[in-house]
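Chain and residue survey
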Amino acid sequence: MTSNPFVETAPATGFFESSAKGTSAPGWLVAGIVRAWDLDPALASVDLITVSENATFLVAIGGIPVAVTRVARPGYMAGSVEFESEVAWVAALAGSEYVRVPRGIPTVDGSYVAVIADDGGMSWSCVSYSYVAGSILEDFTDPVPYYREIGRTTAHLHDHAGSWTPPTGFRRHSWATADMVGPTCRWGMWQEVPFTAAERGLLESAERSALATITGAPRTPTDWGLIHADLRPSNIMIDDGTLTVIDFDDCGYSWYLYDFASALSFMEHVDDAPMMAQEWVEGYSEVRPLSRTDEELACALSMIRRLQMLGWTTTHREDALPPALWTAQKDGTLAVAEKYRRSPTWLLD
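These notes cover the structure that comes with them. (Residues numbered from 1 in each chain as written. Predicted model: local features only at pLDDT ≥ 70, side-chain atom pairs only at ≥ 80, totals over all residues. Heavy atoms only, no water.)

Taken together, the 3 strands give an open sheet; going across it, the order is E6-E8-E9, and neighbouring strands pair in antiparallel fashion. The sheet is open, and its two edges are formed by strand E6 (135-136) and strand E9 (242-245), each paired on a single side. Bridging between E6 and strand E8 (residues 236-239) involves 2 bridges; their strand directions are antiparallel. Bridged to Ser 135 within E8 is Ile 238. (Pairing = 2+ DSSP bridges. Helix = DSSP H or I, 4+ residues; strand = E, 2+ residues; numbered from the N terminus.)

In structure tokens, the structure reads:
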């Protein structure tokens, strides 16, 4: 577990660590969700889908799915304003024609955040979104055919963010490099993963090269703005070939091309990664053309994202990823660093 003071995790006894996928939520949480969203307690069921930044639960009434409720990991957000801001952007997207997204579900008091106390008196922040039918792209054997559409969808998200005026009080965090791999990184530090001296030297060299490219990147309204920040297959639903973007909990401000990096999260080492990257760029460029300089920045951000998410594995449950991806993170990161050192645009060459 990381010693980084900026990383906060739930207590070892918390349900983030003890709950298993597919099991029912603890009674205090079920009761809190029922109260907050005025559900029928005799018909409501709340079952765990997955645990990552949030514990995500499927809410059903009489066996029919109606909502997905996210319970935030303690410390990940500073307060309800950040959650309300997330929902505000998703609501604006839902009312537009840019992308398909679920709708936030207000609580009985009209807000979108319910704070529910557990049996020990600890408070947990929860938000609910409408249920989205379909299958999660992460479960598909071959996600490559969808990457062109993911790129195109991401460009539409960026167009919306660039033209949208957030409501007064809107607040979301930054994804500058310091928040990825620096002293204020939001998750664990990759340096806490054990490596040999030579391996560590390779990763440090790749990190320096990538950061040098990113440091010179502009932060104009064309290049920097509000992004999803985690648009990977686990956050995309497919229903009859149609994409729906879910889980905006990481949304914040960064270079738009950080969404390219996030689309390849944990998969940069797989054989299909260059094809996924190239398909993403083709789709994105149909809406927002990219230059060679943009592509260099995208690949540099991908290298940093790989290191960032390696650090993420030091503070999260192993079952937050498919087993094959989890076990490949250390060796895969070394392979990605070697490729990046040989060519800073290796994903798109």
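Text resumes after the structure shown.
It is worth spelling out the sheet that holds strand E2 (residues 54-61) at this point. Spatial ordering of the open sheet is given by E1-E2-E3-E5-E4, a layout of 5 strands whose pairing is antiparallel. Either end of the sheet is taken by a strand with one partner, and the two such strands are strand E1 (44-51) and strand E4 (114-117). When strand polarity is set aside, the average angle formed by the axes of neighbouring strands in this sheet is 35 degrees. Sheet topology note: the E4/strand E5 (residues 123-130) ladder contains 4 bridges and is antiparallel. Paired with Ile 116 across the strands is Trp 124, a residue of E5. Packed on one face of the sheet, helix H3 (residues 80-94) meets strand E3 (64-72) and E5 and runs near 5 degrees to E5. (Axes fitted to C-alpha atoms, helices over the stretch in contact; angles between N-to-C directions. Contact = heavy atoms within 4.5 Å.)

Every buried residue belonging to helix H2 (residues 27-36) is among Trp 28, Leu 29, Gly 32, Ile 33, Val 34 and Ala 36, and all of these are buried. Taken together, the buried residues of H2 touch helix H1 (15-18), E1, E2, E3, E4 and E5. Asp 38, located one to two residues past H2, shows a positive phi value of around 55 degrees. (Buried < 20%, exposed > 50% of the residue type's maximum accessible area, 1.4 Å probe, protein only.)

Tracing the chain through its elements places Ser 302 in helix H9 (residues 292-312). By relative accessible area, which is 2% here, Ser 302 ends up buried. In contact with Ser 302, not counting residues within four places along its chain, are Phe 260, Ala 261, Leu 264, Glu 268 and Leu 347.

Counting 85 residues, the largest nonpolar core has Trp 89, Phe 248, Trp 280, Leu 301 and Leu 347 as its most contacted members. In terms of residue count, H9 provides more of this core than any other element does, 11 residues in total. Leave out the neighbours within four places in its chain, and Phe 248 touches Arg 70, Glu 86, Trp 89, Val 90, Leu 93, Val 101, Leu 157, Arg 172 and His 228. (Core = buried A, V, L, I, M, F, W, Y, C linked by side-chain atoms within 4.5 Å.)

Moving on to the packing of aromatic side chains. One pass over the full model with this rule turns up 12 aromatic pairs. One aromatic cluster in this structure is built from Trp 175, Trp 187 and Tyr 258. Over the ring of Trp 224 we find Arg 219, and its NZ or CZ is 4.2 Å from the ring centre. Against the face of Tyr 256 rests Arg 288, its NZ or CZ located 4.9 Å from the ring centre. (Phe/Tyr/Trp six-rings, centres within 6.5 Å; stacked < 30°, edge-to-face > 60°. Lys NZ or Arg CZ within 6 Å of the ring centre and 35° of its normal.)

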